[in-house]
Amino acid sequence: MADQQRKLELSRNIADVKAAMATVPHHEKARLVAVSKYKPAEDLQYVYETGQRHFGENYVQELVDKSAKLPQDIQWHFIGHLQSNKCKTIAAIPNLFAVETVDSSKKADALNKACLSCGRTDALNVFVQVNTSREDAKSGVLPEECAQVCQYIQDNCPQLKLIGLMTIGMFGRDPSEKNPDFECLVDCKKTTEGMIPGLDLELSMGMSGDYLKALEAGSTNIRVGTTIFGARPKK
Ligand SMILES: *Cc1c(COP(=O)(O)O)cnc(C)c1O
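Taking an unreviewed UniProt entry as the reference, the protein is identified by name as Pyridoxal phosphate homeostasis protein belonging to Absidia glauca. Looking at the Cofactor (unreviewed entry) heading of the UniProt record, one finds this comment for the protein: "pyridoxal 5'-phosphate". According to UniProt, the comment filed for the protein under the heading Sequence similarities (unreviewed entry) is "Belongs to the pyridoxal phosphate-binding protein YggS/PROSC family."

Given below as structure tokens:
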């Protein structure tokens, strides 16, 4: 049966990723987020049945639909571009674990307000997205703005819990060399923690092509899509 075959394929893929993660020292601290954009709810259900709980989605409506349909103990990560006018919809998802793409103080304000208005009881976990590659097409604060935006969240957004920094990084970096995006995010963490006492920031970095390198560089949260679910349809 096609369903059985797909189920087997997905459980193999996720086992392979976990086995690869286990080859990296200190990997045990890292969280695997299964990035499921464009993939049908059945695929997520199969991966869920292997024990996976953290899933990442990029599009608000897709996240809303899937979160309503799938088990309530899934921990959702919103990893798409954050728009102020969508903050309420996102914040209203009860089992939202984190928004990884806060890219300005203004957006932090909007999300903070949204959390208040939809009556979330616990502070919502957030990552500040950093545009470590300084590409025009990428969202995120510039590395030199990172500490300031983090400070802003700490001082002004009590409904948000700042837990880390996130980067996407440049596509096609030379895998045989140190990845400058990962190095940059590590630097941002150091600078920010130096400015704000008591913070211990996570690092969300690493995708299908580079998650092992990201773990070696200190990632605590890898976001893996293609390697688990297979190629996505082109937009
Ligand atoms: C799609 C996406 C991923 C997963 O990318 P893969 O290369 O398929 O693993 C990770 N992070 C973000 C922000 C994404 O948009």
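J.: Which residues make up the UniProt feature "domain: Alanine racemase N-terminal" (unreviewed entry) in the protein, and what values go with them?
T.: Mapped onto the present numbering, the UniProt feature "domain: Alanine racemase N-terminal" (unreviewed entry) falls at residues 12–233. Taken end to end, residues 12–233 comprises 38% helix and 18% strand; its first and last C-alpha atoms sit 21 Å apart.

J.: Run through the state of the cysteines, naming residues and quoting values.
T.: Taken as a whole and assessed by the stated rule, the structure comprises zero disulfides. Here cysteine 115 stays unpaired: no disulfide links it, and the sulfur of cysteine 118, its closest cysteine neighbor, is 5.8 Å away. A disulfide-free cysteine, cysteine 184 has its sulfur positioned 4.3 Å from the sulfur of cysteine 188, the nearest such atom. According to the relative accessible area criterion, cysteine 184 is buried, its value standing at 16%.

J.: Explain the pattern of salt bridges to me, using residue names and the numbers behind them.
T.: All told, the structure shown has 13 salt bridges when counted by the stated rule. Taking the shortest distance from any N to any O, the salt bridge between glutamate 57 and lysine 66 comes out at 2.8 Å. Each member of the pair glutamate 57 and lysine 66 is classed as buried. The salt bridge partner of arginine 134 is glutamate 144, with a shortest N-O separation of 2.6 Å. Placement of arginine 134 in the loop between β5 (124–129) and α6 (146–156) and of glutamate 144 in the loop between β5 and α6 is noted, with a sequence separation of 10 residues between them. The exposure class of arginine 134 is partly exposed, given its relative accessible area of 47%. A single salt-bridge network, built from bridges that share partners, covers Arg6, Glu9 and Asp43.

J.: Got a sec to walk through the side chain of asparagine 112? Specific residues and values, please.
T.: Examined against the element boundaries, asparagine 112 turns out to sit in helix α5 (residues 105–117). Among the residues examined, asparagine 112 registers a relative accessible area of 9% and is labelled buried. If near-sequence neighbours (up to four positions away) are discounted, asparagine 112 is found in contact with Asn156, Cys157, Pro158, Gln159 and Leu160.

J.: Before we move on, can you summarise the site of the ligand with the specific residues and values?
T.: Lining the immediate environment of the ligand, one finds 13 residues, of which Lys37, Asn58, Ser208, Gly225 and Thr226 sit closest. Side-chain polar atom of asparagine 58 to an oxygen atom of the ligand: 2.7 Å apart, as the coordinates give it. Protein chains bury 89% of the 390 Å² of accessible surface belonging to the ligand in isolation. Broken down by class, the residue content of the shell around the ligand amounts to six nonpolar, four polar and three charged.

J.: Please give an account of the packing of α5 against α6 that cites residues and values.
T.: Orientation of α5 relative to α6, taken along the N-to-C sense of each, is 25°, at an axis distance of 9 Å. Of the possible angle classes, the one that applies to α5 and α6 is roughly parallel. Here the hand of the crossing between α5 and α6 comes out right-handed. Along the contact surface, α5 presents Ser105, Ala108, Asp109 and Asn112, while α6 presents Val149, Tyr152, Ile153 and Asn156. Per-class residue counts for the contact of α5 with α6 are four nonpolar, three polar and one charged.

J.: I'd love a proper account of the environment of lysine 39, names of residues and values included.
T.: Mapped onto the elements, lysine 39 comes out in the loop between β1 (31–35) and α2 (41–49). Classification of lysine 39 as buried rests on a relative accessible area of 10%. It is 21 Å that separates the C-alpha atoms of lysine 39 and asparagine 221, two residues lying 182 residues apart in sequence. Setting aside anything within four residues of it in sequence, one finds lysine 39 in contact with Leu44, Glu62, Lys66, Phe229, Gly230, Ala231 and Arg232.

J.: How would you explain the packing of aromatic side chains if you had to name every residue and give the values?
T.: For the coordinates displayed, the defined rule picks out two aromatic pairs. Both rings, one in phenylalanine 55 and one in tryptophan 76, keep their centres 6.0 Å apart while their planes meet at 45°; by these two values the pair is tilted. Of the two residues, phenylalanine 55 is situated in strand β2 (residues 54–57) and tryptophan 76 in strand β3 (residues 75–78); the sequence distance between them amounts to 21 residues. By the burial criterion, phenylalanine 55 is buried, and tryptophan 76 matches it. Over the ring of tyrosine 48 we find arginine 53, and its NZ or CZ is 3.7 Å from the ring centre.

Thresholds applied
Residues numbered from 1 in each chain as written. Predicted model: local features only at pLDDT ≥ 70, side-chain atom pairs only at ≥ 80, totals over all residues. Heavy atoms only, no water. UniProt positions renumbered as here; feature names shortened; annotations may be inferred. Helix = DSSP H or I, 4+ residues; strand = E, 2+ residues; numbered from the N terminus. Disulfide = S-S within 2.5 Å. Buried < 20%, exposed > 50% of the residue type's maximum accessible area, 1.4 Å probe, protein only. Salt bridge = Lys/Arg side-chain N within 4 Å of Asp/Glu carboxyl O. Contact = heavy atoms within 4.5 Å. Near = heavy atom within 4 Å. Polar contact = N/O pair within 3.5 Å; in protein donor to acceptor, adjacent residues only side chain to side chain. Areas by Shrake-Rupley, 256 points an atom, 1.4 Å probe, with all protein chains shown as cover. Nonpolar A, V, L, I, M, F, W, Y, C, P; charged D, E, K, R; others polar. Axes fitted to C-alpha atoms, helices over the stretch in contact; angles between N-to-C directions. Parallel < 35°, antiparallel > 145°, perpendicular 65-115°, else oblique. Left-handed = near helix turned anticlockwise from the far one by under 90°. Phe/Tyr/Trp six-rings, centres within 6.5 Å; stacked < 30°, edge-to-face > 60°. Lys NZ or Arg CZ within 6 Å of the ring centre and 35° of its normal.

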